[in-house]
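Structure assessment
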2 protein chains.
Amino acid sequence: MSAKPIKLTTDRKSVLDILKSSDSPKGAYDILDELKKVKSNAVPMTVYRALDYLTEHGLVHKVENLNAYILCNHPEHHHICQIIICEACNKATESCDKELASLVQKKAEDAGFKISKAILEITATCEECLANDKGNAAL
Amino acid sequence: MSAKPIKLTTDRKSVLDILKSSDSPKGAYDILDELKKVKSNAVPMTVYRALDYLTEHGLVHKVENLNAYILCNHPEHHHICQIIICEACNKATESCDKELASLVQKKAEDAGFKISKAILEITATCEECLANDKGNAAL
DNA sequence: TATAAAATTGTTATAACATCACGTTTTTGG
DNA sequence: CCAAAAACGTGATGTTATAACAATTTTATA
């Protein structure tokens with residue numbers, strides 16, 4: 001019944017673990033550097049192949065804005081997700097707001113388009129960093 | 001009174017004209033190839049500098065998804081814009097739906113974020129291409 | 001208008017991100 | 001077991017973007 005026989009090979013598992021250990025997006029070559037610690041012969045293709053698989057299967061998102069990758073919070077459902085990145089602390093938060101997703105879907109349909117993929121990436125400052133900024137306002 | 005003294009130098013004007021002549025996003029190096037026709041000593045920096053200026057001033061959008069650039073339809077107002085790209089014909093359509101923009105704004109605020117930039121990029125198939133596909137459905 | 005500061009451009013090199021191509025090995029299903 | 005498919009190894013290369021610094025042009029204003 002399971003429609004998703006996801007096969008996690010050693011490389012894919014390693015890359016996934018590297019992404020799990022971070023709450024900010026990581027570039028492919030940063031991932032490569034980490035991967036080399038457990039697999040000394042890793043090369044860019046090793047990472048890109050794993051990332052391709054993981055993104056195709058919804059376990060990882062690419063942040064196009066940054067050419068970087070983050071773990072998906074809820075790989076079980078596939079809707080239009082939103083990623084918000086704090087430009088001060090680089091922390092990325094994924095949300096999957098249904099109201100927003102369905103509005104996007106609706107607008108695209110109304111315009112006659114059939115969506116295959118949609119990304120919403122927000123660059124912003126998070127609450128915590130905003131508070132910190134207030135403290136340093138004298139600057 | 002005008003808050004926007006946009007200075008279009010020769011290079012910027014040339015790059016803008018190149019983008020005006022296309023309804024699909026163009027990569028920086030494609031732009032460079034065209035720019036060389038009118039400025040033989042153009043190099044990547046020439047294009048990137050012009051693109052940086054034009055995007056900062058809202059005359060051009062970068063399509064992060066494609067690492068490509070398109071003309072902005074309505075440089076006069078600055079909200080959160082949406083770009084929808086047909087993956088069949090590559091034509092890009094920009095919209096600036098206020099309902100969508102304000103919902104994004106609201107969701108981000110509710111989550112405690114102060115937006116500095118938001119991009120919504122949709123990869124889809126346009127009405128026309130969908131119709132064509134139906135015709136070739138036998139494939 | 002002299003002139004200093006700011007903005008823009010010229011130029012070379014290099015960084016950062018990603019894929020191609022092709023051969024080998026491993027996994028999978030009949 | 002065997003053939004086909006999937007994954008991996010490996011080296012080269014392609015694509016996108018920026019760093020760094022010098023030279024020139026523009027702008028504001030004294």
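On a predicted model such as this, the values are computed, not experimentally measured, just so you know.

Quick word on the pairing of strand 2 (residues 68-71) of chain A
All names here are of chain A. Here strand 1 (residues 60-63) pairs with strand 2 via four bridges, running antiparallel. The partner of valine 63 across the bridge, within strand 2, is alanine 68. Hairpin remark: strand 1 followed by strand 2, antiparallel, with four residues in the connecting loop; positive phi at asparagine 67, about 50°.

Here we look at the pattern of salt bridges
All names here are of chain A. Throughout the structure, instances matching the rule amount to 16 salt bridges over all chains. Among the salt bridges present, the one from lysine 62 reaches glutamate 64, with a minimum N-O distance of 3.8 Å. Linked by salt bridges that have partners in common, Lys62, Glu64 and Lys117 make up one network.

Some remarks on the interface of chain B and chain A
Contacts between the two partners involve 31 residues from chain B, matched on the other side by 31 residues from chain A. Carbon and sulfur atoms supply 61% of the area buried between chain B and chain A, which totals about 2700 Å² over both sides. Looking only at chain B, the three residues that lose the most surface to chain A are Lys107, Phe113 and Ile119 of chain B, adding up to 19% of its buried area. The tally of links from chain B across to chain A stands at four salt bridges. One salt bridge in this structure joins lysine 107 of chain A and aspartate 97 of chain B, with 3.0 Å as the shortest N-O distance.

Focus on the protein's contact with DNA strand D
Of all residues adjacent to DNA strand D, which total 17 residues, the nearest are Thr9 and Arg49 of chain A together with Tyr29, Tyr48 and Lys62 of chain B. Counted by atom, the contact set of DNA strand D within 4 Å of the protein is 47% sugar and phosphate. Take lysine 39 of chain A: an N or O atom from its side chain is 3.2 Å from a phosphate oxygen of DNA strand D. At 2.6 Å, a side-chain N or O of arginine 49 of chain A approaches a base oxygen of DNA strand D. For the surface near DNA strand D, the elements supplying multiple residues, two or more each, are helix 1 (10-20) and helix 3 (44-56) of chain A together with helix 3 (44-56) of chain B.

Remarks on the packing of aromatic side chains
Residues and elements named next belong to chain A. Here the structure, examined in full by the defined rule, presents two aromatic pairs over all chains. Ring centres 6.4 Å apart and planes at 65° place the aromatic pair tyrosine 29 and tyrosine 48 in the edge-to-face group. A residue pair is termed long-range when its members are at least 10 positions apart, and tyrosine 29 in helix 2 (residues 28-38) and tyrosine 48 in helix 3 qualify at 19 residues. According to the relative accessible area criterion, tyrosine 29 is partly exposed, its value standing at 48%. Positioned over the ring face of tyrosine 53 is arginine 12, at 3.6 Å from the centre of the ring.

Points about helix 3 of chain A
Given a rise of 1.5 Å per residue, 13 residues ought to cover 18 Å, and the 18 Å separating the end C-alpha atoms of helix 3 of chain A matches this to within 8%. At the C-terminal side of helix 3 of chain A, glycine 58 of chain A shows a positive phi close to 75°.

Looking at the side chain of glutamate 94 of chain B
All names here are of chain B. Here glutamate 94 is to be found in strand 4 (residues 92-95). A distance of 2.6 Å separates a polar atom in the side chain of glutamate 94 from a polar atom in the side chain of histidine 61. Engagement of the side chain of glutamate 94 in a polar contact is seen with the backbone nitrogen of asparagine 73, the distance being 2.7 Å. With near-sequence residues (within four places) excluded, glutamate 94 lies in contact with His61, Leu71, Cys72, Asn73, His74, Cys81, Gln82 and Ile83.

Definitions and limits used
- Residues numbered from 1 in each chain as written.
- Chains lettered and ligands numbered in written order.
- Predicted model: local features only at pLDDT ≥ 70, side-chain atom pairs only at ≥ 80, totals over all residues.
- Heavy atoms only, no water.
- Pairing = 2+ DSSP bridges.
- Helix = DSSP H or I, 4+ residues; strand = E, 2+ residues; numbered from the N terminus.
- Salt bridge = Lys/Arg side-chain N within 4 Å of Asp/Glu carboxyl O.
- Contact = heavy atoms within 4.5 Å.
- Buried area = accessible area lost by both parts, 1.4 Å probe.
- Near = heavy atom within 4 Å.
- Polar contact = N/O pair within 3.5 Å; in protein donor to acceptor, adjacent residues only side chain to side chain.
- Phe/Tyr/Trp six-rings, centres within 6.5 Å; stacked < 30°, edge-to-face > 60°.
- Buried < 20%, exposed > 50% of the residue type's maximum accessible area, 1.4 Å probe, protein only.
- Lys NZ or Arg CZ within 6 Å of the ring centre and 35° of its normal.
- Expected span 1.5 Å × (residues − 1).

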